[in-house]
Amino acid sequence: MGGFFGNRWWVVVASICGLLVGSGAVNVFAFGVFLKPVTEDLHVGREFFSTGLILTSTLTALGLLPFGWMLDRWGVRRVMIVGLVLYSLGVAGYSLITASPR
């Protein structure tokens, strides 16, 4: 496994790419950039919009337990395909937001 291009380094590169485009980076690091424009456009308070970040973080933490069990039971490939489809549907669902639920 010698050299820079051994199997271990490809895992590191893939992990960095996943962190750059994953929901964690979007939700946490870009949250402050979108806070003011989105709240003004949807006419909601910042506390209402910020609650979404809290809910996302909490549900992610709680979801890791069954996610780990599923990885052990069915393997990475099957679980990640389902996760990719669900994540894509969630991101596509953002386009359906037109107004505050208030």
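This text goes with the structure placed above it.
Throughout what follows, the structure given in this document is the object of discussion.

Criteria and thresholds
- Residues numbered from 1 in each chain as written.
- Predicted model: local features only at pLDDT ≥ 70, side-chain atom pairs only at ≥ 80, totals over all residues.
- Heavy atoms only, no water.
- Helix = DSSP H or I, 4+ residues; strand = E, 2+ residues; numbered from the N terminus.
- Buried < 20%, exposed > 50% of the residue type's maximum accessible area, 1.4 Å probe, protein only.
- Contact = heavy atoms within 4.5 Å.
- Areas by Shrake-Rupley, 256 points an atom, 1.4 Å probe, with all protein chains shown as cover.
- Axes fitted to C-alpha atoms, helices over the stretch in contact; angles between N-to-C directions.
- Parallel < 35°, antiparallel > 145°, perpendicular 65-115°, else oblique.
- Phe/Tyr/Trp six-rings, centres within 6.5 Å; stacked < 30°, edge-to-face > 60°.
- Polar contact = N/O pair within 3.5 Å; in protein donor to acceptor, adjacent residues only side chain to side chain.

## Topic: the overall build of the chain
- On a plain count of helices and strands, the chain comes out with five helices and zero strands.
- Counting the 102 residues in the chain, one finds 10% classified as buried.
- Sequence-distant contacts in the chain: of pairs separated by 6 or more residues, those separated by 24 or more amount to 44%.
- Accessible surface computed for the chain: about 8,500 Å², of which carbon and sulfur atoms make up 72%.

## Comments concerning unusual backbone geometry
- At histidine 43, a position not held by glycine, the phi torsion is positive, near 55°.
- Following the sequence through the fold, histidine 43 ends up in the loop between α3 (31–42) and α4 (46–74).
- Here histidine 43 falls in the exposed class, since its relative accessible area comes to 71%.

## Points about the packing of α4 against helix α5 (residues 76–93)
- Relative orientation of the contacting elements α4 and α5 amounts to 135°, with a least axis distance of 7 Å. On the basis of their axis angle, the class for α4 and α5 is oblique. Taken together, the residues of α5 that come into contact with α4 (itself represented by Phe67, Met70, Leu71 and Trp74) are Val76, Arg78, Val79 and Met80.

## Considerations on the packing of aromatic side chains
- One pass over the full model with this rule turns up two aromatic pairs.
- Look at tryptophan 69 and tryptophan 74: their rings are 5.5 Å apart centre to centre, the planes differ by 80°, and that puts the pair in the edge-to-face class.
- The exposure class of tryptophan 74 is partly exposed, given its relative accessible area of 40%.

## Things to note about the environment of valine 28
- The residue valine 28 is located in helix α2 (residues 23–29) in this model.
- A C-alpha to C-alpha distance of 7.5 Å links valine 28 and leucine 53, two positions 25 residues apart in sequence.

## Brief notes about the side chain of threonine 39
- Tracing the sequence through the fold places threonine 39 in helix α3.
- Overall, the relative accessible area of 4% leaves threonine 39 in the buried class.
- A distance of 3.0 Å separates the side chain of threonine 39 from the backbone oxygen of lysine 36, its partner in a polar contact.
- Ignoring sequence-local partners within four residues, the contact set of threonine 39 consists of Val44, Gly45, Arg46 and Phe49.

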